[in-house]
Structures are given as structure tokens and as C-alpha cells.
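Examining the three-dimensional arrangement
Read off the chains here:
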Amino acid sequence: MAETAAPPPPPAAPGTGVPAGSGTNPLSRKLNKILETRLDNDKEMLEALKALSTFFVENSLRTRRNLRGDIERRSLAINEEFVHIFKQVKEELESINEDVQAMSSCCEDMSSRLKGSFGASSGKPTIPNVFYLFTGHQRLEMKAQVADAFIAKFQLTPDEMNLLRGTKDEPITEDFFKALGRVKQIHDDVKILLRTNQQRAGLEIMEQMALLQETSYERLYRWTQNECRTLTQESCDISPVLAQAMEALQDRPVLYKYTLDEFGTARRSAVVRGFIDALTRGGLGGTPRPIEMHSHDPLRYVGDMLAWLHQATASEKEHLEAMLKLVTIQGVEENIQEVVGHITEGVCRPLKVRIEQVIVAEPGAVLLYKISNLLKFYHHTIRLRYACYCAIHQYFSFGKVELPPPDLGPSSALNQTLNLLREVLASHDSSVIPLDARQADFVQVLSCVLDPLLQMCTVSASNLGTADMATFMVNSLYMMKTTLALFEFTDKRLEMLQFQIEAHLDTLINEQASYVLTRAGLSYIYNALQQHKPEQGPLSNLSSMDSVSLKVAMAQFDRYLSAPDSLLMSQLNFLLSATVKEQIIKQSTELVCRAYSELYAAVMDPSNEYKDPETILHRSPHQVQALLS
């Protein structure tokens, strides 16, 4: 590298291309030596040049002069980096040496302790003894973990036991319900032990949890009972803990029922006291004024009392809903209605006495009618029960069945019931009950009245003939339909009645068509035509289907064509609706024409071998249809 940094050669002699003194000049010898060197075989030179190319990027006078310094500085940086790396290696080796020394000292200490413990006493090898102790230690740890897990799963903590067995004066908190839920969970989980070889432990734990449950429920019931007894103010707040208590007591139906009774008793006295105060004292500060001050105005007097009762009923229902909001058993709504009824029952007597006083005073027919509508409105608003409909349903379901009259019209019982139904529905139309409630009333009234009526009519007509039964049912259903058509909310019932009428009309249409074919002499012939098969031979070979028999029958049929109204069943004259009668005659005539068309086609068929069929049936189906239309 030092040779490459030599100063530049002297200038050549003037007039020649070779430097002066080329034979003895050292520079010339070095230049010749460099030119004769083969770089392909000198790998070290190639590596040096390659390394030089990485940082010698500019070939100038300044860079050539500073080349030696750059190389030395680069070499110094490489050596410093090498020293730094080896310093880190040295530190790591020293750390490893320290760890090895610590491990060595620990092993020596352990070995000396083991030799002192087992070497002199047992005479057994030290390592097997250590392995035996280590295995036993692992087994003991596993047993301890199993025991801890068993206790955690099937036993309560001391704090939980104290919560459940607290004294009478200690309040119930949410932690109590968590502990009670833990008891229930243990009681359910312990059933798993009964299916294993730990049945004795399972039975003991189950008995322990059962006793603890009874103690907890007894304490919870006493606390809930005391809480309900304090709810005697006009407005009460249901605490979340009380709602949780009712949720827990639902697993004990007897305690749950007793608690509801206690709540109802406490709230009943509060409601009665509030009603008396509203009548005599009024609200706080005299607003609103006492209801008794409006006794001279009967309508307002009764309306104010009923309005107060309605508001009190809604409030008590809200209290019960808040207290039972977490209860999930069936029949919660029934329980609420029963308790609310018990609470408001105490107001019935003072309310009844005051309303009777108003009625006895005879304020006038118009005012009494307004009071009646007011009572009916609050009856539907507060009670929402219709026991009278059930009584009507029971009456018509088990009442005495009346036989149909001779004219097959509606029976007297049916007419009376329909008149009663018409009055009931008309009174509902003029009531002040809300639309939704009135629609529900209509559905219930129709269900309680119409279903027994339909059953009664069916039983009454069960011993009649086919045509008589159909006529009686059509008349009865027609009367029901005309009665319901005057009122709203009856569309579904009208549609159902129409379907039943059409079913009985089909029966009458078939009976009328059969009656005409029999009287006109075509019934037997039409039946033979329907039963005839081609393999039996020509139709004319049958004894009742020869030309002579057909001509006799056609003569009788011609008499029918000359006077079609002469062949009508007597039952059709009993129909109440002329439109229904015309419909039966029209459709039965179409059936007769269809039967004649089939007979005409069979006679005109050459395969049946009738001679001169035009002389047998001298009228075409279109002509017959024109005569009967």
C-alpha cells in the first residue's frame, strides 16, 4: 500500500516518449514491475482493491494524498469495534462464571445437607431417597389442591355462614342473596357425589345445605314480613332488596303467599285511610278539596270517588309489579290481581254506602242514566272482568234443547236469545268504553252466545230428515247473520256463518235436483247411465234404457218442462230468505240440465245403437235450458 502512495514520476525528457534515465531510475523499475504484475493470480491485491473501492469513490489529487490517512482511520475503527464486541463477550462469560459458581456452591450445600440427613442413618443411596421424598411431596400437594377445590365447591366460607345465620336485627343485604344462591348451587352440585363412591360425604353435605337453606329462608321471611308491615304510608317505595327477597321466596310457595298476604293487609289499611282522608280532609294544603264538599253534585261526587279509586288501584298495582318484577313463576298476574282486589276491597263498603245514598235521593232519570254509564265505564276500566258472560255461556251450554217448530223456522229460544244479544250489542255501541275494550267485549260476547246457539240448533235438528235439517239450519243461521250484520266487529263471525249457510245450501240444492229427477222420471235412467260401462255393450240393450222406456220418461219430463214450479220441495217454501230460495232453484235446475245433457249425449252416440234418436229426445240441451231458465 505504501508503494501505491509514492509521489508522481518526474516529467519526461523533451523530445522523447521515455522518461529520462529509464534504465537506472527506481521509479521506472517499480512501474515496470507493476505493469508486469498479473492481477488475476494475486487474490490479496484483488481483495484490497475491492475494499478500497467501497470508500474511494473520487479520484482526485486531494483524495490520493489523503488515501493513507483514510485507510489508517478505517483500520483503527475496525479494531475499536472488535475490542467492543470482545468486551461484551468477556462480560457475558464472567456472568456465566458467576452463575456456575453459585450453582456449584448451592449443589455443594445441598449435598452436604443430604449427606448429613440420610447418609449416616438409613444407609440407602442419597438420590433415591431424594426422589422418593420429591414424589411424596408432589402427591401431598395434589391432595391439598383437591381438598381445597372440594371445600371451595361444596362448602361455604365463614363470612357466608355468618350472613345466612345472622341475628334478627341484622338487615338483609345483596351479599345475603349471593350466599343463598351459593347454598342452592351446592345443593344441586352435591348430587354428583351421590353417583360416585362418595355417597356418604354427599348425603352429609346435602343435609347440611338443606338445614342451612331452611334457616336462611326463615330469616328472610321474617325480615320481608317486617318490611311489608312498615309499608303503611300512602305512597311507599319498594326497595331492590325487597324485590330480591320475593324472587328468593318464590321457591317456598307457602312463605311467598304469606308475604303477599302481609303486604296486602298493610296496604289495605293505608288505602282505606287514604280514601277516608280524601273524602273528609282532601289533599295536603287543602288541594284538592275534600270530596264530601261536592256531595250536592251527585255526578261529580260519584265521579271523584271512582277516579280516586282508579288512581289508587293503579298505584297499588305498580307497587306490586315493582315488588314482583324478579319473580319468574307462573301466575304472577293472578297474584297481582288477587292482592289488588284484597287491598281495594276495604274501600268497597264506604264507596257503596255513599253511592246508595245518591241513588236513594232520586236525582232524576237523566242523572241516574249518566251515573250508570259512569259506573259502567269504571267497571270496565278497573275490573276488566266479565263474569256475566261466563254465566251466559254456561246457561246456553246446558240449557234445555227445544225441538224445531213445524215450519222449520227459528225456535222461540233462538229468537229470544238473539233479541237479548241485539240489546246487549246496541248498549255497547252507545257506551263510553274505549274502542279496544269494546272490541274485546264484542268478541267475548259473541263467543259466549253464538257458540252455544249453534250447538243448540245442531242438537235440535239432529232427528230431522236431510232436507228438513238443512232448511232449519239455513233459517237459524240466516237469523243470526241478519242480527249480527247491524253491528261492528262482527266480520269474522259473519264470514263463519256464511260458510255454514253455504254448506247447508249445497245439501238443499242436491235434494231439490234429486227430487225433480225422481218426479220427472229421469232418476232411474240417469243412475243407469252413470253405472253403465262400455264393455257391457250398447246402452239400448238394457231393459230400462230401450227406446220405449225413454219415450215414456221423456213424456213425463215434458210435463215437468211445461210447469217447472210444480216440482218444488215443500221445505223450500219454509225458507225465510227469498234470495236463498231463488239460489237453490237456479242451481238445482242447472244440475237437472246437466243430467239431461249427459243423457242426450248418450242417446245420440251411435255406439249405443239407438234407432232414430231424434224421435226419442226431440229437445236439445239448449232448448231444455231455455225452457227452465
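The model shown is predicted, which means the values in this text are computed figures rather than measured ones.

Within the protein chain, the regular secondary structure consists of 24 helices and zero strands. Counting the 629 residues in the protein chain, one finds 32% classified as buried. Carbon and sulfur atoms provide 56% of the accessible area of the protein chain, an area that totals close to 39,900 Å².

It is worth spelling out the pattern of salt bridges at this point. Applying the stated criterion to the full structure yields 13 salt bridges. Put simply, Arg 267 and Glu 316 hold a salt bridge, and the shortest N to O gap is 2.8 Å. Of this pair, Arg 267 sits in helix 11 (residues 253–280) while Glu 316 is found in helix 12 (residues 298–323), placing the two residues 49 residues apart along the sequence. As far as burial versus exposure is concerned, Arg 267 and Glu 316 are alike and both buried.

Turning to the packing of aromatic side chains, a few remarks are in order. According to the stated counting rule, one finds four aromatic pairs in the structure shown. Relative to Phe 86, the ring of Phe 82 lies with its centre 4.3 Å away and its plane at 50 degrees, an arrangement referred to as tilted. Of this pair, Phe 82 and Phe 86 both sit in helix 4 (residues 67–119), four residues apart, roughly one helical turn. Arranged with centres 5.6 Å apart and planes meeting at 90 degrees, the rings of Phe 176 and Phe 177 form a pair that is edge-to-face. When sorted by exposure, Phe 176 lands in the same class as Phe 177, which is buried.

Looking now at a negative patch on the surface. A surface patch of like charges, here negative, comprises Glu 318, Glu 321, Glu 333 and Glu 334. Elements with a minimum of two residues in the negative patch: helix 12 and helix 13 (332–360). Topologically, Glu 318 is positioned in helix 12. The class for Glu 318 is exposed, based on a relative accessible area of 52%.

The next point concerns unusual backbone geometry. For Leu 408, which is not a glycine, the phi torsion comes out positive at approximately 60 degrees. Structurally, the position occupied by Leu 408 is in the loop between helix 15 (387–398) and helix 16 (412–429). Note on Leu 408: relative accessible area 6%, which makes it buried.

In this model helix 13 runs 41 Å from its N-terminal to its C-terminal C-alpha over 29 residues, within 8% of the 42 Å that 1.5 Å per residue would give. Its maximal kink placed at Val 347, helix 13 deviates by approximately 35 degrees, while the proline Pro 350 follows within four residues.

Summed over all chains, the structure comprises zero disulfides. With no disulfide partner, Cys 106 has as its closest neighbouring cysteine sulfur the one in Cys 107, 5.8 Å distant.

Turning next to a nonpolar patch on the surface. Residues Ile 85, Val 89, Leu 93, Ile 96 and Val 100 make up a contiguous nonpolar surface patch of about 430 Å² in total accessible area. Its place among the elements puts Val 89 in helix 4. By relative accessible area, which is 40% here, Val 89 ends up partly exposed.

You can see Gln 500 is positioned in helix 19 (residues 491–519). Excluding residues that lie within four positions of it along the chain, Gln 500 makes contacts with Leu 454 and Leu 477.

What follows covers the nonpolar core. The biggest cluster of nonpolar side chains holds 63 residues, and the ones touching the most others in it are Leu 220, Phe 263, Met 323 and Leu 324. Those elements that place two or more of their residues in this core are helix 6 (158–164), helix 7 (174–189), helix 9 (199–229), helix 10 (240–249), helix 11, helix 12, helix 13 and helix 14 (365–383). Residues within four places of Leu 324 in sequence aside, it is in contact with Met 246, Tyr 256, Leu 260, Val 332 and Ile 336. Core analysis: the second largest hydrophobic core is formed by 35 residues, Leu 414, Leu 421, Leu 505 and Val 580 among them.

The subject of this paragraph is the packing of helix 7 against helix 10. For the pair helix 7 and helix 10, the least separation of the axes is 10 Å and the interaxial angle reads 15 degrees. Here helix 10 runs roughly parallel to helix 7, going by the angle between their axes. Considering only the axes of helix 7 and helix 10, their crossing is left-handed. Residues Glu 174, Phe 177, Leu 180 and Lys 184 of helix 7 touch helix 10, and the partners they reach there are Val 241, Gln 244, Ala 245 and Ala 248.

You can see Leu 453 is positioned in helix 17 (residues 435–460). When the C-alpha atoms of Leu 453 and Ser 476 are compared, they prove to be 9.3 Å apart, with 23 residues separating the residues in sequence.

Before going further, it helps to examine the confidence of the model for the protein chain. Considering every residue of the protein chain, the mean pLDDT works out to 78; 85% of them sit at 70 or more. Between the elements of the protein chain, mean pLDDT differs from a low of 39, seen in helix 15, to a high of 90, seen in helix 11. Long-range and interchain partners of residues 1–22, a stretch whose pLDDT sits below 50, account for 12 contacts in this model, where long-range means more than four residues apart. In this model residues 384–399 is a low-confidence stretch, pLDDT under 50, and it forms 19 contacts with partners more than four residues away in sequence or in other chains.

Criteria and thresholds
- Residues numbered from 1 in each chain as written.
- Predicted model: local features only at pLDDT ≥ 70, side-chain atom pairs only at ≥ 80, totals over all residues.
- Heavy atoms only, no water.
- Helix = DSSP H or I, 4+ residues; strand = E, 2+ residues; numbered from the N terminus.
- Buried < 20%, exposed > 50% of the residue type's maximum accessible area, 1.4 Å probe, protein only.
- Areas by Shrake-Rupley, 256 points an atom, 1.4 Å probe, with all protein chains shown as cover.
- Salt bridge = Lys/Arg side-chain N within 4 Å of Asp/Glu carboxyl O.
- Phe/Tyr/Trp six-rings, centres within 6.5 Å; stacked < 30°, edge-to-face > 60°.
- Patch = residues over 30% accessible without salt bridge, like charges linked within 9 Å, V, L, I, M, F, W, Y side chains within 5 Å.
- Lys, Arg positive; Asp, Glu negative; His and termini not counted.
- Charge placed at Lys NZ, Arg CZ, Asp CG, Glu CD.
- Expected span 1.5 Å × (residues − 1).
- Bend = angle between axes of the 7 residues up to and from the residue.
- Disulfide = S-S within 2.5 Å.
- Contact = heavy atoms within 4.5 Å.
- Core = buried A, V, L, I, M, F, W, Y, C linked by side-chain atoms within 4.5 Å.
- Axes fitted to C-alpha atoms, helices over the stretch in contact; angles between N-to-C directions.
- Parallel < 35°, antiparallel > 145°, perpendicular 65-115°, else oblique.
- Left-handed = near helix turned anticlockwise from the far one by under 90°.
- pLDDT = per-residue confidence, 0-100.

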